[in-house]
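Close look at the chain arrangement
Next come the chains, spelled out residue by residue.
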Amino acid sequence: MDRKELEAKIIELVAMAYNKDASELTMETSFKTDLKGASVQMVGLVSEIENELDAMVALADASACATIGDLVDKVEEEL
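Computed from a prediction, not measured in an experiment: that's the story for all the values here. (Residues numbered from 1 in each chain as written. Predicted model: local features only at pLDDT ≥ 70, side-chain atom pairs only at ≥ 80, totals over all residues. Heavy atoms only, no water.)

1. Some details on the overall build of the protein
- Helix and strand counts for the protein stand at 5 helices and 0 strands.
- For a compact globule of 79 residues, the expected C-alpha radius of gyration is about 12 Å, and the protein comes in at 11 Å, within 12% of that figure.
- Its C-alpha atoms put the protein at 25 × 25 × 20 Å along the principal axes.
- Buried residues in the protein amount to 38% of all 79 residues.
- Counted over contacts in the protein with a minimum sequence separation of 6, partners at least 24 positions apart contribute 54%.
- Total accessible area on the protein stands at roughly 4,600 Å², and carbon and sulfur atoms take up 49% of it. (Helix = DSSP H or I, 4+ residues; strand = E, 2+ residues; numbered from the N terminus. Rg over C-alpha atoms; globule rule 2.2 N^0.38 Å. Buried < 20%, exposed > 50% of the residue type's maximum accessible area, 1.4 Å probe, protein only. Contact = heavy atoms within 4.5 Å. Areas by Shrake-Rupley, 256 points an atom, 1.4 Å probe, with all protein chains shown as cover.)

2. Details of helix 1 (residues 3-18)
- The end-to-end C-alpha separation of helix 1 is 22 Å, in line with the 22 Å expected for 16 residues at 1.5 Å each.
- By the burial criterion, the buried members of helix 1 are Leu-6, Glu-7, Lys-9, Ile-10, Ile-11, Leu-13, Val-14, Ala-15 and Tyr-18.
- Packed against the buried residues of helix 1 are helix 2 (31-35), helix 3 (39-53) and helix 5 (68-78).
- Just past helix 1, the residue Asn-19 takes up positive phi, approximately 55 degrees. (Expected span 1.5 Å × (residues − 1).)

3. Brief notes about unusual backbone geometry
- Positive phi, close to 55 degrees, is recorded for Asn-19, a residue that is not glycine.
- By secondary structure assignment, the location of Asn-19 is in the loop between helix 1 and helix 2.
- Assessed through its relative accessible area of 71%, Asn-19 is described here as exposed.
- Even without being a glycine, Asp-54 presents a positive backbone phi close to 55 degrees.
- Its place among the elements puts Asp-54 in the loop between helix 3 and helix 4 (59-63).
- Its relative accessible area of 66% is what places Asp-54 among the exposed residues.

What follows is the structure in structure tokens.
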């Protein structure tokens, strides 16, 4: 899976976890200011990343990501 495919997949998973339209999300979308999600949504997102991409990302690492792009970087390290 190349970087563009990974970005698209992560955006799709974030959209599902945060109940957003994927077309509204970019690599610069901020988890705190743009998505304003609860920690339970991040737990669900990490679980989906593990299921869909077979990448083990620690919840603490995912929660430390400021943007979707940061999360993509973290997942890419685990693939």
